[in-house]
Amino acid sequence: MKINYLIAFIVSLWAFLDVQAQTKTLKGAVVDQSKTPIPGVSIKLSGTAQGTSTDVNGVFTIDYRPGAVLKITALGYRPQEITLTAQSVLNITLEEDNQTLNEVVVTALGIKREKRQLTYSTQEVSGADIAKTKEPNPLNALTGRVSGVQITSSSGQPGSSSRIVIRGTSSLTGNNEALIVVDGVPINNDQTATNGNGSGISRFSDIDPAIIESINVLKGSAASALYGSSAARGVVIVTTKNGNKEQKPSFNFSTQFSLDKAIYPQVQSVYAQGDRGVYWNGVDNDQKTSLVWGPRLDTLMVDGKPVRNVNPMDAFFQTGKTYTNTLSVQGGTDKSNYFMSYSYLDQEGTIPTTNYKRHAAFAKFSNKIYDNFTATFQFNYVATTAHRTPEGYGLEAPLWTVYTAPFSWDPLPATNDDGTQRVFRYSRNNPYWSLENVYNDVRGNRFIPIATFNYTPTDWLTITERLGADIYSEQSKYHEAPSIPVGTTGVLRDRNNNYRQFNHDLIAEARKQIGEDLEVSMLLGNNVFATYDQLYQLEGTGGFTVDDFDNISNTENQISTENYRRFRRVSFYAQPTVDYKKMLTLSLTGRMEQSSVFDKANRTYYYGSVSGGFVFSELLKEQTPWLSFGKLRASYSKVGNDNVRAYATSTVYNTATNFPFNGVPGFLISGDLGNTNLKNETTTELEIGLETQFLKNRIGLEFNYFDRDHTDLLSYITLANSTGYRNSYINAGSMYNRGIEALLNVTPVKSEDFSWDFTFNFTKIKNRVTELYGGADQVQIGQTFAFTGDPYGTFYAPGYSYNEAGQKLIDDTGLPVIGPSQKIGNIQPDWLAGLNNSFTYKNLNLSFFFDMRKGGDIMNSDDRYGFFYGTPKATENREDRIVEGVNINTGQPNTVTVSAQDYYQRLNAIYEAAVQDGTYVKLRNVNLTYNFPEKWIKKTPFQRASLTATGRNLWIYAPHFTGSDPEVNSYGSGNDALGLYGNSAPTSRSYNFTLSLTF
């Protein structure tokens, strides 16, 4: 028996040793055809439950016995099976499979996910599509291309700000714009350089479009919940370019040149300066008037000669020019890659003297320090300068005079022999004098460094640490010379803004394959976010003893002010995800935040989301071969938002007027009452979506429905004088946004030499204010109001007077009665849409993009003021008329005849007459690119070469709007400027030519 035991023991030991001797450890890497690592690739041993997946660097480790078959699968790539012998290292290259949906997108926190597995709505725009638009500001390049997103430019001046809102307005007076994230780090997108009237500069315009690999828009709250408070408004994720591994240095140089032609508002060109049909020459002191109600220009003779007949806009605006040169280099080794870029943009505006210049340098270097440790370092440095002119209705703004000037008056020379201004009317500057004497010079410097470290201690665990900062300083100097016509003594204002923002994320993600069908993951993270914002200003008035000396010491009276704000937010978050057969996905998120803007009792708040996806096409493969892909998804989320400025809970002190006095400073308690009861806004959202692909992905359709409720909305309100204060922040109310989004992609034709692709997106959102604080029925938001039960952004101003039957009331003189302030319009559009077509024939590509908006009212203040002067296009009809309506006293139909001048000058006081429908269709972009054939350049130093011609805003159809562009908010991207069009720099029609060379 002992011998038998001994024999059994020896046999068992031999078998064990034999197994151990045959077991091998394989370390491998999976890349695509461009040598880019592919994360999340499924690695399995065929016929067993043993398997793993690649990490963020495309690396995997697995034990096997010789003769085992390794099965490699990834969405969007052709599967591979490899019989293993005795390898210890294996490099695998996967080929793309265009028959499956494989798109990998960058989601929250910079984490890559297969779009197939996402449980919420996102939409990506490639860097190539952004580059096609030739927009200096990449935010404008997204206009009309992403469903659920509305982007509004503020002005046609170079560098002007733009506003981006995702799925509708979400706050009353707080920030409504989406969070901007670059490579996992939030960056600032405030509107700055607002030193003087008009719009400012959008900070996103600092980002050079040439460094962008893609922009992914996270629309719903479930998609952005991990990003915290600021993401309640949606997230725009910018991914910058990387170099390619194992590639020799490759250089790319592109040069662009653009011509910009201002698109003018509609004005009358028939009548001369004057009053009641009598000509006033605007030159003699007793012949100056703001009115253009004179005789017809085509028959008017002065001293036997025809009177001047020149459009003031033709004489004033110039052809703008933009020059852009970009040089980049990329490459890498087997363990590292790099990408570096420098660009210079020089934009001359259509308003003479205005310009915007940008130097942008970018560098990104990634290196595998150890097999399981990778570090990426990048920085973006941007230096900008701008020379801007005031816009709007300040008396100093030149455009007011340009848009209302008579065709019969020559504004040049701008000064008389004695140096005084030549003006055709009093209380307005000569516009050419304003260009040289009223301006804002802006200089900015910005630095965005980011460091990312990825550590993979095992094949199922990845630890990421990311540190990022956004640091900029901006100096602006506003100069307004003394003006006799306007009656001002002059202003010189120096403003310095220093901003610092720091972000730190520590993220651990565990991802494990359980058997062949189940994959589970858990993401845990911590975020620390802090900002410091300091603004100090010196303002001097009067004096100006020395000409052309823009120094505060050259003024008579000086006042200095300083404001600074510090803010910090600390967060912890988690996201567990379960995926079954890549068919059923369940994902949860949770986040706890502490925000310094609230009092201690309300500083901490919690929120999260639950979402799921069902790829139903996996069950229908055999029955429906025409269905390439189909997925249903649903999510429910709740996101908090600390959407209020720092120190809103405290009542602070401000410098008292006329202090310092005798060297002693004086302070008064602020008119803003602090509110310690403030708490975070909350957005709750239900989203349901359908994604489908048909006929081998030749047709794709995505549809989303969302229902968003915004509660405890923070608002800056006016207080009763009896309180002793003027304003305060409160949780003022609630509103909702309900809407649908649709995205259709079709490839009607696809052959070896020719293809046609088109994309159509559609958005319809219904917005309502459901409750306001204390039973109030309205809150003012700059130029518009929020009314309970109405959409956000209602115009409330004097309108027509109506009787109970809805008929206009007319007074005894035959003119409309000026009614009280009333609801006269709303800024919310009925729907938005975009249509893009792309045709490719061999080396030639033609694409054109239409952008559409239905509805959305605009207050055309140029027309309202112009009604008094006699300059809008409508005033060309100067026939006497009987205004339709009923007499206010008799109730009988009006029969009194009035002159056109009296009628339109009455409309000047009726704001309703200037509210116009903002419906438009724009041919926003046309792009024609020719890629030179390889045989043409094979004997040159160049690897690739292309020539591109691009047109922007080539056609605008706005049947109910008489300004230059119904898309403009004249006073910037803030809430207080929405829907207002008034004396802003016009939009341009642009023609761009680009040469690109790779060598």
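All residue numbers refer to positions counted from 1 along the written sequence of the respective chain. Note on the predicted model: pLDDT of at least 70 is required for a residue's local features to be given, and 80 or more for side-chain atom pairs to be given and counted; whole-chain, interface and lining totals, by contrast, use all residues. To obtain the side-chain values, all non-hydrogen atoms of the structure were included, while hydrogens and water were left out.

Caption draft 1: Geometry of the sheet that holds strand E50 (residues 857–860). Pairing is mixed across the open sheet formed by three strands, whose spatial order is E54-E50-E57. Pairing within the sheet leaves two strands with one partner each, and these edge strands are strand E54 (915–917) and strand E57 (980–981). One bridge is not enough; two strands pair if DSSP finds at least two bridges between them. Helix and strand definitions follow DSSP, with helices as H or I runs of at least four residues and strands as E runs of at least two, each counted in order from the N terminus. In the sheet, E50 pairs with E54 via three bridges, with the strands oriented antiparallel. Its bridge partner lying in E54, Met 859 is registered against Val 915. Its contacts with the sheet put helix H7 (residues 861–869) on E50, E54 and E57, and the angle it makes with E50 is roughly 40°. When checking whether two residues touch, look at their non-hydrogen atoms; a contact exists if any pair is within 4.5 Å. Geometry is summarised by axes, namely lines fitted to C-alpha atoms with helices restricted to the contacting stretch, and by angles between N-to-C directions that run from 0 to 180 degrees.

Caption draft 2: A look at the pairing of strand E30 (residues 491–514). Bridge analysis of strand E29 (residues 461–480) against E30 gives 20 bridges, and the strand direction is antiparallel. The partner of Gly 468 across the bridge, within E30, is Asn 503. Where E30 lies against strand E31 (residues 518–543), 24 bridges are found, and the strand directions are antiparallel. From the neighbouring strand, Ile 514 faces E31, where its bridge partner is Leu 518.

Caption draft 3: View of the confidence of the model for the protein. The pLDDT score gives, residue by residue, the confidence of the prediction method on a 0 to 100 scale. Summing up the model confidence of the protein, the mean pLDDT is 90 and the portion of residues at 70 or higher is 96%. In this model residues 1–21 is a low-confidence stretch, pLDDT under 50, and it forms zero contacts with partners more than four residues away in sequence or in other chains.

Caption draft 4: Summary view of the pattern of salt bridges. Put simply, a salt bridge is a Lys or Arg side-chain nitrogen that is within 4 Å of an Asp or Glu carboxyl oxygen. All chains considered together, the criterion is met by 36 salt bridges. Arg 203 is the partner of Glu 474 in a salt bridge, and the nearest nitrogen-oxygen pair spans 3.0 Å. Here Glu 474, found in strand E29, pairs with Arg 203, found in the loop between strand E16 (201–202) and strand E17 (212–218); they are 271 residues apart in sequence, far enough to count as distant. Burial classes follow relative accessibility: with a 1.4 Å probe on protein chains only, a residue under 20% of its type's maximum area counts as buried, one over 50% as exposed, and anything between as partly exposed. Glu 474 gets classed as buried once you look at its relative accessible area, which sits at 6%. A relative accessible area of 4% means that Arg 203 is categorised as buried. One salt bridge connects Glu 741 with Lys 219, and the closest N-O pair in it is separated by 3.7 Å. Of this pair, Glu 741 sits in strand E41 (residues 727–750) while Lys 219 sits in the loop between E17 and helix H3 (221–224); the two residues are 522 residues apart in sequence, bridging distant segments of the chain. Both residues of the pair, Glu 741 and Lys 219, count as buried. Salt bridges here are not isolated pairs; linked through shared partners, they connect Arg 167, Lys 219, Lys 631, Arg 633, Glu 685, Glu 687, Glu 691, Glu 702, Arg 708 and Glu 741.

Caption draft 5: Up close: the packing of aromatic side chains. Paired rings are identified among Phe, Tyr and Trp, the last through its six-membered ring, by centres lying within 6.5 Å, and are further divided according to the angle between planes into stacked (under 30 degrees), edge-to-face (over 60) and tilted (the rest). Under the defined criterion, the tally for this structure stands at 43 aromatic pairs. A connected cluster of aromatic rings, assembled from ring pairs, spans Phe 754, Trp 756, Phe 758, Phe 839, Phe 848 and Phe 850. Two limits define a charge over a ring: the Lys NZ or Arg CZ must be within 6 Å of the ring centre, and within 35 degrees of the ring normal. One residue, Arg 203, lies across the ring of Tyr 472, its end atom 5.1 Å from the ring centre. Cation over ring: Arg 296 sits above Tyr 271, and NZ or CZ is 5.8 Å from the ring centre.

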